[in-house]
Amino acid sequence: MIGLKLLESGEELSIDGACTIGRHPDCELQVDDPTISSRHAVIERRDGAWAVRDLGSSNGTSVNGRRIKAWRRLGVGDVIRFAGIAVEVHGVDDRVGSGLPTTRQRRSGPAAEPVPYEVVLTWTGPAEGIIEVGYQGERWRTESGMPFVLLDLLARAGGDWVADGELKSKLWGRRGATMSRSALHTLIYNTRHIFYGFGLDGLCIEKERGQVRLAVASVERVAW
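One structure accompanies this document, and this report is about it. (Residues numbered from 1 in each chain as written. Predicted model: local features only at pLDDT ≥ 70, side-chain atom pairs only at ≥ 80, totals over all residues. Heavy atoms only, no water.)

**Concerning the overall build of the protein chain**
Stated precisely, the cut-off is as follows: Numbering of helices and strands starts at the N terminus; helices are DSSP runs of H or I of at least 4 residues and strands are runs of E of at least 2. Computation of the radius of gyration draws on C-alpha atoms alone. For the globule rule, the value is 2.2 Å times the number of residues to the power 0.38. When a residue's accessible area, from a 1.4 Å probe over protein chains only, is under 20% of the maximum for its type it is buried; when over 50% it is exposed; and in between it is partly exposed. We call two residues in contact whenever any of their non-hydrogen atoms come within 4.5 Å of each other.
Assigned secondary structure in the protein chain consists of three helices and 19 strands. At 19 Å, the protein chain has a C-alpha radius of gyration in line with the 17 Å of a compact globule built from 224 residues. The principal-axis extent of the C-alpha atoms belonging to the protein chain is close to 60 × 35 × 25 Å. Within the protein chain, buried positions represent 50% of all 224 residues. Partitioning the intrachain contacts of the protein chain with sequence separation of at least 6 by distance along the chain shows that 52% fall at a separation of at least 24.

Put into structure tokens, the structure is as follows:
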């Protein structure tokens, strides 16, 4: 049996057998969240230990801030993030149980805990800069244009939600009011993929119901 705790609500779950996580009604853990795929990931016992695997989801699965591409063994204290939902492993019993799946449950809402990244944003021009991300003693950096501007705008909000309309106005000025929703969504997608390129979880840029926020442990903004 493996015990999980939802970081947003503190609610605890226990799994004894294979458990698929996703929006589809057939999933053992059905999650009503737009960032979650129909069948997002699965947790089950493999080779005598509990492990998690992404099922080709759109937004990915990460363990302790690292995106996974194959089975990842789980231990107490690990934080699993299924797109906008985060859970912590708080108990593991590797003894063979009943072999029955957990009772099907339905959960909703994004995780509230910030991702433990340290982000430094350094302006190098009017609409471009260097994005530097630190995590567990490692650091990555890249130069960027509009993704950098988006991160800087979200960083100024200090972790608060920013309305889509406000973001579009600040990103594109007067043109923002006529820009389609897909333009902002594409920019968010491209910015997340900078983190994915570092092998990290890009869902620290959260999108929900017409608003966006940056949920990281710390951000430093360096003026140019």
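Having put the structure on the table, let's press on.
**What to know about the packing of helix H1 (residues 146-156) against helix H3 (residues 181-197)**
As a reminder, the rule being used: Axis definition: a line fit to C-alpha positions, over the contact stretch in the case of helices; interaxial angles, taken between N-to-C directions, run 0 to 180 degrees. For classification, angles of less than 35 degrees are called roughly parallel, those exceeding 145 degrees roughly antiparallel, those between 65 and 115 degrees roughly perpendicular, and all remaining angles oblique. Here the term charged refers only to Asp, Glu, Lys and Arg, the term nonpolar to Ala, Val, Leu, Ile, Met, Phe, Trp, Tyr, Cys and Pro, and the term polar to all other amino acids, Gly among them.
The contact between H1 and H3 brings their axes to 9 Å, and the two run at 90°. When the axes of H1 and H3 are compared, the pair comes out roughly perpendicular. Here H1 contributes Met 146, Pro 147, Leu 150 and Leu 151 to the contact with H3, which in turn contributes Leu 187, Ile 188, Thr 191, Ile 194 and Phe 195. Counted by class, the contact of H1 with H3 contains eight nonpolar, one polar and no charged residues.

**Some remarks on the packing of aromatic side chains**
Quick reminder of the rule: Only rings of Phe, Tyr and Trp enter the pairing, Trp through its six-membered ring, and a pair is recorded when the two centres are within 6.5 Å. The plane angle decides the type: under 30 degrees is stacked, over 60 is edge-to-face, the rest tilted.
Under the counting rule described, the total for this entry stands at four aromatic pairs. A centroid spacing of 5.4 Å and a plane angle of 80° characterise the contact between Tyr 117 and Tyr 135, whose relative ring orientation is edge-to-face. With Tyr 117 in strand S13 (residues 115-125) and Tyr 135 in strand S14 (residues 128-135), this pair connects stretches of sequence that are 18 residues apart. Both residues of the pair, Tyr 117 and Tyr 135, count as buried. On the basis of an interplanar angle of 85° and a centroid distance of 4.9 Å, the ring pair of Trp 123 and Phe 148 is categorised as edge-to-face. Of this pair, Trp 123 sits in strand S13 while Phe 148 sits in helix H1, and the two are 25 residues apart along the sequence. In this structure, Trp 123 and Phe 148 share a single accessibility class: buried.

**Digging into the pairing of S14**
Heads up, the rule is: In this description, strands pair whenever DSSP reports at least two bridges between them.
With seven of eight residues buried, S14 is to be regarded as a mostly interior element. Linking S13 to S14, which pair antiparallel, is a turn of two residues. Note that S14 and strand S15 (residues 138-144) share seven bridges and pair antiparallel. The partner of Ile 130 across the bridge, within S15, is Glu 143. Joining the antiparallel neighbours S14 and S15 is a turn of two residues, in which Gln 136 adopts a positive phi near 50°.

**Comments concerning the sheet that holds S14**
Strands belonging to one sheet form pairs held by backbone hydrogen bonds; the direction of such a pair is parallel or antiparallel. The mixed open sheet is built from four strands, whose spatial order is S15-S14-S13-S19. Only two strands of the sheet have a single partner each, and these edge strands are S15 and strand S19 (216-222). Neighbouring strand axes in the sheet, compared pairwise and without regard to direction, differ in orientation by 15° on average. Contacts from H1 reach S13, S14, S15 and S19, with the element oriented near 120° to S13.

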